[in-house]
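Report on the structure
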Amino acid sequence: MNNTLLNTALAIVLITAFVASLVTGPAAIPLSQSFEALFGGANEAAVLVMQEIRLPRAILGLLIGATLGLTGAVLQGYLRNPLADPGILGISSAAALGAVIAIYSGLAAMLPITLPVAAMAGALLAVFLIHRLAGRHAGTITLILAGLAISTLGGALTTLALNLSPNPYAALEIVFWMLGSLTDRSWLHVTLAAPFMIAGWFMLFAAARALDALTLGSDVAATIGIDLARTRTLIVIGAAISVGAATAVAGAIGFVGLVVPHVLRPLVGHQPSRLLPASALAGGALILAADVAVRVIAPARDIKLGVRTALIGAPFFVWLVFKTRRELV
Amino acid sequence: MDLVKNNAGGKAAWVTALVLACLPADTAAARPENAPRRVVSMNLCTDQLALILADPDQIRSVSYVAHDAAASVLWQRARRHAPNHGLAEEVFLMQPDLILAGAFTRRATNDILRRLGFRVETFYPAQSFDDIRRHIARLGELLHQPARSRRVLARFDDELRRATVSNRHASTPKAALYYANNYTSGSGTLAADIVARAGLRNIGTALGLDGMVKLPLELLVIEAPDVIIAEQRDSSAAALAYEAFSHPALTIAAEKARAFVRTDNSWACGAPFTVGAIERLKAAAGTAMPKAQGGTSQ
């Protein structure tokens, strides 16, 4: 498929999902009124709902989805591994651990910036560990085992931190950190996370050309002038800060980074650099669509976003396992 | 003092009379022989009702929550009694002759204590002021304190009648109850009864919600309540449960509302002191005097 055509189509899907997210919610605001309220209208309550509740939620959904899709595409290309994904590699759960420590110690209440910073530190540690444990040339199984070790440890330590909190509600909030949610996120969360996510995107996109070259092997890439050390730094830090910031405000949302690049890869002719923008657009659309579904199906239940993405992602993961096994045989 | 004339001679009688005179008047007067004397209460609400209705020497132990000033109204009185943590073993060692428990909490503990032969009486959480009446009457009987329970009930009825705002019309202010994790109280809850008796319209009830359910922040904001009643926070540690309280949309809605009230420990349990919650809510919401709300009548 033509690349521009694909990206245009995905952009249209993304915009549709964004608009759908804006007009979906428990408060029944008529369609015409909701757009009017977005830019300030007569109905004060509707303005408040649109500008302070739905708009930041939709923007955050778009940014987080794009982050996860993009990071998945970059990691799969760089590690040359179809199962690489921020969730499976344990980056998200390590970031959640950092965020949990910042919030429940009371640090984030005093100084909000410590929330994304702690989450990014957790994510960075995870990416570093993955690199040390598995590295670029590890087989799929080694990589998955390393990721499993990190995400299990991250999840266990998160649970421990929440159980040790004297607040009786804290222990129940493990669900949020494990599955993620966009419920009642505000502009504060957007301003905390967006700068880091976008900075991360720049670093990941800067590695696009190197990813193309790396498909020919690292020796060839080096001979055509690719700085491998620089590429590694861009990817490690770019993935850590964007996923860290995303997890800090919405918890660990799984499977987006796994599914999206896989579905799109055949459509972009298996060229990593072309996969990146497409994955970002589709990732944003997927999270927004999942967040709409969360609010349409049982709106009063506050179903976690990760439940939706896992319902889509887990069967896909199973299919992927079968496919990988067939290739191994 | 009429005890003294029973046996006029002897030092011991004087000591007895003195000791008895220091206790509440009806202590010795009416308590029959078979009245429970080692009551263990395992639930904050039964703790507080027992503290009101029983003689102090009837209570062996109250739950540790009753000692906590943030949760319990009668924490000072509660601290005169040993705390329990609702564990079957510790309650067993106290050898109670009556155990008071909540109907929804610690069911397994209640069952095992019953199997061990103890008398366990469970109370459902009061869902209205009528429930409070019934609880007082029932516990008064269980404790063999009919006189005191009658006295408490008479005073409760009187105070409740005076606190309740009866005239309601179209301009009745709207109130939103908001707790941790976006929960609110719909119809059939004590909180909704408090709100209604304070002369306010509970939006949870108006939206057709029943019991304790989630109220999305959007719905609260779009209803533009005149009074927002938020849960008193557990200040011990941070938790996401309170995230909605710091959401700008709620802050702005609270600024537009005429009052932002926090619940206190008198909302937690249905007891005679819960009437105070109505009075304080009326004072904060400006519904204390009926003529004060005539502003927008047409």
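Residues numbered from 1 in each chain as written. Chains lettered and ligands numbered in written order. Predicted model: local features only at pLDDT ≥ 70, side-chain atom pairs only at ≥ 80, totals over all residues. Heavy atoms only, no water.

Details of the interface of chain A and chain B
Residue-level contacts link 31 residues of chain A with 27 residues of chain B. Note on chain A versus chain B: buried area summed over both sides is about 2,400 Å², and carbon and sulfur give 64% of it. For chain A, the biggest contributors to the area lost against chain B are Leu48(A), Tyr169(A) and Asp184(A); these three give 24% of the whole. Glu44(A) is the salt-bridge partner of Lys256(B), the closest N and O atoms lying 3.2 Å from each other. At the boundary of chain A with chain B, the tally comes to nine residue pairs in polar contact (both at pLDDT 80 or more). Going through the elements one at a time, α3 (44-78), α4 (91-104) and α8 (174-179) of chain A are the ones with two or more residues in the side of chain A that touches chain B. (Contact = heavy atoms within 4.5 Å. Buried area = accessible area lost by both parts, 1.4 Å probe. Salt bridge = Lys/Arg side-chain N within 4 Å of Asp/Glu carboxyl O. Polar contact = N/O pair within 3.5 Å; in protein donor to acceptor, adjacent residues only side chain to side chain. Helix = DSSP H or I, 4+ residues; strand = E, 2+ residues; numbered from the N terminus.)

Focus: the packing of aromatic side chains
For any pair of aromatic rings, the description rests on two quantities: the centre-to-centre distance and the angle between the ring planes. Residues and elements named next belong to chain B. In this structure the tally under the stated criterion is eight aromatic pairs over all chains. Note on phenylalanine 92 and phenylalanine 118: the rings are 5.9 Å apart at their centroids and 85 degrees apart in plane angle, and the pair reads as edge-to-face. Pair noted here: phenylalanine 92 is in helix α5 (residues 88-93) and phenylalanine 118 is in the loop between α6 (107-115) and β5 (120-123), with a separation of 26 residues, a long-range link. Accessibility expressed as a relative area gives 35% for phenylalanine 92, which makes it partly exposed. Given the relative accessible area of 10%, phenylalanine 118 is considered buried. Between the aromatic rings of tyrosine 178 and phenylalanine 245, the centroid separation amounts to 6.1 Å while the plane-to-plane angle is 90 degrees, which identifies the pairing as edge-to-face. One end of the pair, tyrosine 178, is in strand β6 (residues 174-178); the other, phenylalanine 245, is in the loop between β10 (227-230) and α12 (248-256), and 67 residues separate them in sequence. Taking the relative accessible area as the measure of exposure, phenylalanine 245 reaches 12% and is therefore buried. (Phe/Tyr/Trp six-rings, centres within 6.5 Å; stacked < 30°, edge-to-face > 60°. Buried < 20%, exposed > 50% of the residue type's maximum accessible area, 1.4 Å probe, protein only.)

Let's talk about the pairing of β5(B)
Residue and element names in this part refer to chain B. Bridging between strand β4 (residues 98-102) and β5 involves four bridges; their strand directions are parallel. Looking at the pairing, leucine 100 lines up with glutamate 121 of β5. On the question of chirality, the crossover connecting β4 to the parallel β5 by way of α6 is right-handed. (Pairing = 2+ DSSP bridges. Right-handed = clockwise from strand over helix to strand, strands pointing away.)

A look at the domain arrangement of chain B
Residues and elements named next belong to chain B. Domain annotation for chain B reports domain 1 (25-160) and domain 2 (174-296). In this structure, domain 1 and domain 2 have C-alpha centres spaced 29 Å apart. Taken together, the two surfaces of domain 1 and domain 2 that pack against each other cover about 1,500 Å², and 69% of this comes from carbon and sulfur. Together, Val73, Gln127 and Phe129 form the three largest contributors to the area buried by domain 1 at its contact with domain 2, with a combined 32%. At the boundary of domain 1 and domain 2, one finds zero salt bridges. Connecting domain 1 to domain 2 are four residue pairs in polar contact (both at pLDDT 80 or more). Breaking the side of domain 1 that touches domain 2 down by element, the ones donating at least two residues are α3 (44-53), α7 (129-142) and α8 (146-163). (Domains from an automatic or database assignment.)

A short note on the confidence of the model for chain B
All names here are of chain B. When pLDDT is averaged across chain B, the result is 84; 84% of the residues are at 70 or more. Mean pLDDT across the elements of chain B ranges from a minimum in helix α1 (residues 11-22), with 45, to a maximum in strand β1 (residues 39-41), with 96. Confidence drops under pLDDT 50 across residues 1-28; counting only partners more than four residues distant or on other chains, this segment forms 11 contacts. Residue range residues 290-298 is modelled with pLDDT below 50. Its contacts to residues more than four positions away, or to other chains, number seven contacts. (pLDDT = per-residue confidence, 0-100.)

Topic: the nonpolar core
Note that soluble globular proteins tend to have their nonpolar side chains buried in a common cluster. Ranked by internal contacts, the top residues of the largest apolar core, which has 121 residues, are Ile64(A), Tyr104(A), Trp177(A) and Met197(A). A per-element tally of this core places α3(A) first, with 18 residues. With near-sequence residues (within four places) excluded, Ile64(A) lies in contact with Leu182(A), Met197(A), Ala246(A), Val249(A), Ala250(A) and Ile253(A). Among the nonpolar cores identified, the runner-up in size contains 51 residues, and Ala66(B), Ile132(B), Leu143(B) and Leu200(B) belong to it. (Core = buried A, V, L, I, M, F, W, Y, C linked by side-chain atoms within 4.5 Å.)

Brief notes about unusual backbone geometry
One non-glycine residue, Phe255(A), adopts positive backbone phi at about 75 degrees. Turning to its location among the elements, Phe255(A) is positioned in the loop between α12 (228-250) and α13 (256-264). The backbone of His144(B) sits at a positive phi, close to 60 degrees, despite the residue not being glycine. Looking at the secondary structure, you find His144(B) in the loop between α7 and α8. The class of His144(B) is partly exposed, set by a relative accessible area of 25%.

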